[in-house]
Amino acid sequence: MKKSLRQSIIKSRVKLIHAYLFKRVPARFLAHEVAMLVLDVLEALRDKMLTPKEASRYFVNIAYKIDSKTDKKLSDGFQQVLAEAMLLDELNKKYGPSLKELRRLALVILDR
C-alpha cells in the first residue's frame, strides 16, 4: 500500500477516535477503533512507512485525551493495548513493547 494512503487511513482513524471521545458512543466502539489503529500502525511500522516515535505519539495523544476528556469505563484489555502502544518509541529496546503481543491484544479486542 502506498505511504500516503496508509497515512491517510491512520489519520482518519485517529480523527474518528477523537470524535468518539467527545460523543456518547459505547466504550467498546472506542476500543474497537483503537485496536484497528494498532493494526494499521503495526503494518506501517513493518513497511517502514512510520517511525516508532510517530506511532507512539498517536497513542500518547489518545491516552491524554481519554484521561482529560472522558469518563468512559475502559476495559483492562483496552488499557493494556493502549499502554503498550504508547511505548512504541521504545521499540527494540530492553523494556520496549512486543509487536507480536500488541497485535494479539488488538485482535482480542476485535474478537469481542
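Look up: the structure comes first, before these words.
Residues numbered from 1 in each chain as written. Predicted model: local features only at pLDDT ≥ 70, side-chain atom pairs only at ≥ 80, totals over all residues. Heavy atoms only, no water.

Draft legend 1. Region of the structure containing the overall build of the protein chain. Of the regular secondary structure elements, the protein chain holds 5 helices and 0 strands. Along the chain direction, N to C, the helices and strands of the protein chain fall in the order α-α-α-α-α. Since a compact globule built from 112 residues should have a radius of gyration of about 13 Å, the 13 Å found for the protein chain is in line with a globular shape. Expressed as lengths along the three principal axes of its C-alpha atoms, the size of the protein chain is roughly 35 × 30 × 25 Å. Going through the 112 residues of the protein chain one by one, you find that 41% of them count as buried. Considering only intrachain contacts with a sequence separation of at least 6, the fraction spanning at least 24 residues in the protein chain is 66%. When the accessible surface of the protein chain is totalled, it reaches about 7100 Å², and 52% of it is carbon and sulfur. Charged side chains of the protein chain number 23 positive and 13 negative; the gap between the two group centres comes to 5 Å. (Helix = DSSP H or I, 4+ residues; strand = E, 2+ residues; numbered from the N terminus. Rg over C-alpha atoms; globule rule 2.2 N^0.38 Å. Buried < 20%, exposed > 50% of the residue type's maximum accessible area, 1.4 Å probe, protein only. Contact = heavy atoms within 4.5 Å. Areas by Shrake-Rupley, 256 points an atom, 1.4 Å probe, with all protein chains shown as cover. Lys, Arg positive; Asp, Glu negative; His and termini not counted. Charge placed at Lys NZ, Arg CZ, Asp CG, Glu CD.)

Draft legend 2. View of helix α2 (residues 27-46). Here α2 is 20 residues long and its end C-alpha atoms lie 29 Å apart, about the 28 Å a rise of 1.5 Å per residue gives. Phi turns positive, to about 60°, at Lys48, one or two residues after α2. (Expected span 1.5 Å × (residues − 1).)

Draft legend 3. How the structure looks around the packing of aromatic side chains. Inspection of every chain in the model, using the stated rule, returns 1 aromatic pair. Considering the side-chain rings of Tyr20 and Phe29, the 6.5 Å spacing of their centres and the 40° angle between planes classify their relative orientation as tilted. Judged by relative accessible area, Phe29 falls into the partly exposed class, the value being 34%. (Phe/Tyr/Trp six-rings, centres within 6.5 Å; stacked < 30°, edge-to-face > 60°.)

Draft legend 4. How the structure looks around the pattern of salt bridges. For the structure on display, the rule yields 6 salt bridges. Between Glu43 and Arg6 there is a salt bridge, with its nearest N and O atoms 2.8 Å apart. Of this pair, Glu43 sits in helix α2 while Arg6 sits in helix α1 (residues 3-22), placing them 37 residues apart in sequence. Overall, Arg6 belongs to the buried group, its relative accessible area being 4%. Between Arg13 and Glu33 there is a salt bridge whose closest N-O contact spans 2.9 Å. Highlighted residues: Arg13 in helix α1 and Glu33 in helix α2, separated in sequence by 20 residues. The pair formed by Arg13 and Glu33 is uniform in burial state, with each residue classed as buried. (Salt bridge = Lys/Arg side-chain N within 4 Å of Asp/Glu carboxyl O.)

Note that every value here comes from positions in space, so none of it alone points to a role or purpose.
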